[in-house]
Amino acid sequence: MIREQEVNSNSVNKLGRIELITGCMFAGKTEEFIRRLRRNDYAKKRVVAFKPSIDNRYSEDLIASHSGAVLKSYPVSSVEQLIEIYKKENAISPIDIIGIDEVQFMDKKIVPFIELLANNGVIVIVTGLDKDFRSEPFQNVDKLLVLAEFVDKLTAICHKCGNFANRTQRIINGEPANWDSPIVLVGETDSYEARCRNCYKLPKK
Ligand code: TTP
Ligand code: MG
């Protein structure tokens, strides 16, 4: 792991906090994430973004929103790798803001690391799905919902009826995926739809 001394020395500023952007798919989480990081960039803050390398939907090293906004990021396959990059970047000059997209795909060790960063003056801006396709809490986001200073829960528009959607339906061969389908399956409109509570169908066990 990482020692307290290796984390940013911004603790004197007491700016450290966690901002969580969550909700279902197609809610614009990544769009909002990019907007928040850019805003800090304009203010000449030092911003470094990470994404799990498993999400290569658009590109290996760009975080992309549905509307086409992109942001350079480090793709990482483990928390250890993220910490290594963090240490190197922080040694060049102290990082003010860390962004992490799709935190539900990271190992659970990411949560104590995010806490450590925030405790030491770093602003951590995180996105992640609150629920998986079964509508069960997704790992890491379940904990961050409790720990974050700010939580923005975005809704999508139900692909069936146009109501506000806060669930994600996984569709396989035109039908809702079964309960025993794997939790992780990277995809887009090919395999997912945003649904409201009325149109969402609980996967069959
Ligand atoms: P998101 O970034 O949450 O989806 P999005 O890009 O549509 O939403 P937004 O505009 O709000 O950023 O990406 C979710 C990823 O998670 C996507 O690759 C599908 C995957 N996924 C799973 O692996 N398991 C699941 O149960 C669900 C619901 C999604
Ligand atoms: Mg996204």
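The rules behind the values
Residues numbered from 1 in each chain as written. Chains lettered and ligands numbered in written order. Predicted model: local features only at pLDDT ≥ 70, side-chain atom pairs only at ≥ 80, totals over all residues. Heavy atoms only, no water. Helix = DSSP H or I, 4+ residues; strand = E, 2+ residues; numbered from the N terminus. Rg over C-alpha atoms; globule rule 2.2 N^0.38 Å. Buried < 20%, exposed > 50% of the residue type's maximum accessible area, 1.4 Å probe, protein only. Areas by Shrake-Rupley, 256 points an atom, 1.4 Å probe, with all protein chains shown as cover. Phe/Tyr/Trp six-rings, centres within 6.5 Å; stacked < 30°, edge-to-face > 60°. Lys NZ or Arg CZ within 6 Å of the ring centre and 35° of its normal. 1 Å grid on protein atoms, 1.4 Å probe; cavity = no way out; pocket = protein on both sides within 12 Å on 5 of 7 lines; lining within 4 Å. Points joined across faces, edges and corners; volume = space filled by probe spheres on them. Nonpolar A, V, L, I, M, F, W, Y, C, P; charged D, E, K, R; others polar.

The helix and strand inventory of the protein stands at 4 helices and 13 strands. A compact globule built from 205 residues would reach a C-alpha radius of gyration of about 17 Å, and the protein, at 17 Å, matches this within 12%. For the protein, the spread of C-alpha atoms along the three principal axes comes to 50 × 30 × 30 Å. In the protein, which comprises 205 residues, the share counted as buried stands at 50%. Within the structure as shown, the protein displays about 10,400 Å² of accessible surface, and the carbon and sulfur contribution to it stands at 51%.

Right, let's get into the packing of aromatic side chains. In this structure the tally under the stated criterion is 3 aromatic pairs. Above the face of the Trp179 ring, Lys205 is positioned so that its terminal group lies 4.4 Å from the ring centre.

What the largest pocket holds in volume is close to 580 Å³. Only helix 1 (29-42), strand 3 (62-64), strand 7 (123-129) and strand 11 (167-172) provide two or more residues apiece to the lining of the largest pocket. Across the lining of the largest pocket, the residue classes break down as 15 nonpolar, 10 polar and 11 charged. The volume enclosed by the second largest pocket comes to roughly 200 Å³.

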